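The primary structure of each chain is shown beneath.
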Amino acid sequence: MHLSFNKETSLSSINIEESWRKRLIEEFEKPYMRELSTFLKAEKKEGKEIFPVGSEIFSAFNLTPFETVKVVILGQDPYHGRGQAHGLSFSVKDGVQPPPSLENIFKELKSDIGLVRPKSGCLEKWAKEGVLLLNTVLTVEKSKPASHQGKGWEIFTDKVLSLLNEEKTNLVYILWGKKAQEKGTFLNGDVNLIIKSAHPSPYSAANGFFDSKPFSKTNTYLNNNVISSINWEL
């Protein structure tokens, strides 16, 4: 496989979880991914800081194997501040101050199902529960939001969503904001639950994100389809 992000990191060392690897292996051989690899290596060579680090780019896949996916929460870019992004949409590492969107997610978590604000902004527990925390674009340059849009990641994550849409049913897709909803237009709402609301960003949360009850709606749907619910407690 040809994808590598710098001279030390290759796809094999990144080690995508096997159930995803076997479904995505052909994607890594396609021209757009080779071009993406070339772009990322050039950015690194110029001394630009890229987030998340290479070993964490595919964390969402490593923590949530294909067979375990019950829910997809679709984000946009990774966070672009140092130490924030670690490969899971909306999540930050332990000890990192949760950004405003994540704080609003926690407010809705309390309003919806009564969970107190978590001490950590790390959402790895959700990932291990079967929540695929997928960003549309998987890398970003430090302090430059949207800097890696249009470089190929969108094609890759469209393929991920297509695979889920084709092979699995009774999933819950949580699409916060216009961009996520546009990306999810092809998802089959007849055999899955698609939850749409405003984005949790401070600029839009009051316009339909608050009181949208995504967490309780998700578990009600899963239970109704005899699928174990998500433990949202962090």
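In this report, we go over the structure that sits alongside the text.

## Observations concerning the packing of helix H3 (residues 31-45) against helix H7 (residues 153-167)
So, point 1. Contact geometry of H3 with H7 gives a least axis separation of 9 Å together with a crossing angle of 135°. As judged from the angle between their axes, H3 and H7 are oblique. Judged by the twist between their axes, the crossing of H3 over H7 is left-handed. The segment H3 lies against H7, with Tyr 32, Met 33, Leu 36 and Leu 40 engaging Trp 153, Ile 155 and Phe 156.
So, point 2. Broken down by class, the residue content of the contact of H3 with H7 amounts to seven nonpolar, no polar and no charged.

## Observations regarding the side chain of Glu 43
So, point 1. Mapping Glu 43 onto the fold places it in helix H3.
So, point 2. Judged by relative accessible area, which is 9%, Glu 43 ranks as buried.
So, point 3. Among residues more than four places away in sequence, those in contact with Glu 43 are Lys 48, Ile 50, Glu 141 and His 148.

## Here's the deal with the packing of helix H5 (residues 100-113) against helix H9 (residues 214-224)
So, point 1. Between H5 and H9, whose axes approach to 7 Å, the crossing angle comes to 55°. With respect to H9, the axis of H5 lies oblique. Packed against H5, whose contacting residues are Ile 105, Glu 108, Leu 109, Asp 112 and Ile 113, the element H9 presents Pro 214, Phe 215 and Ser 216 at the interface.
So, point 2. Of the residues contributing to the contact of H5 with H9, the split by class is five nonpolar, one polar and two charged.

## So, the packing of aromatic side chains
So, point 1. Scanning the entire structure with this criterion turns up 15 aromatic pairs.
So, point 2. Ring centres of Phe 28 and Phe 58 lie 5.9 Å apart, and the angle between their planes is 80°; on these two criteria the pair is classed as edge-to-face. In this pair, Phe 28 sits in the loop between helix H2 (18-24) and H3 while Phe 58 sits in the loop between strand E3 (50-51) and helix H4 (59-63), placing the two residues 30 residues apart along the sequence.
So, point 3. Measuring from centroid to centroid gives 5.0 Å for Trp 126 and Trp 232, while their planes differ by 90°, and the two rings are edge-to-face. Placement of Trp 126 in helix H6 (residues 124-129) and of Trp 232 in the segment after H9 is noted, with a sequence separation of 106 residues between them. The residues Trp 126 and Trp 232 share a single accessibility class, namely buried.

## A look at empty space enclosed by the protein
So, point 1. All chains considered together, the criterion is met by one cavity of 30 Å³ or more.
So, point 2. Approximately 30 Å³ is the volume attributed to the largest cavity.
So, point 3. Forming the walls of the largest cavity are Pro 52, Ile 57, Pro 78, Gly 87, Leu 88, Asn 135, Val 137 and Leu 138.
So, point 4. Tallied by class, the residues present in the lining of the largest cavity amount to six nonpolar, two polar and no charged.

So, how was this worked out
Residues numbered from 1 in each chain as written. Predicted model: local features only at pLDDT ≥ 70, side-chain atom pairs only at ≥ 80, totals over all residues. Heavy atoms only, no water. Axes fitted to C-alpha atoms, helices over the stretch in contact; angles between N-to-C directions. Helix = DSSP H or I, 4+ residues; strand = E, 2+ residues; numbered from the N terminus. Parallel < 35°, antiparallel > 145°, perpendicular 65-115°, else oblique. Left-handed = near helix turned anticlockwise from the far one by under 90°. Contact = heavy atoms within 4.5 Å. Nonpolar A, V, L, I, M, F, W, Y, C, P; charged D, E, K, R; others polar. Buried < 20%, exposed > 50% of the residue type's maximum accessible area, 1.4 Å probe, protein only. Phe/Tyr/Trp six-rings, centres within 6.5 Å; stacked < 30°, edge-to-face > 60°. 1 Å grid on protein atoms, 1.4 Å probe; cavity = no way out; pocket = protein on both sides within 12 Å on 5 of 7 lines; lining within 4 Å. Points joined across faces, edges and corners; volume = space filled by probe spheres on them.

The values reported here are purely geometric and, on their own, carry no functional implication.
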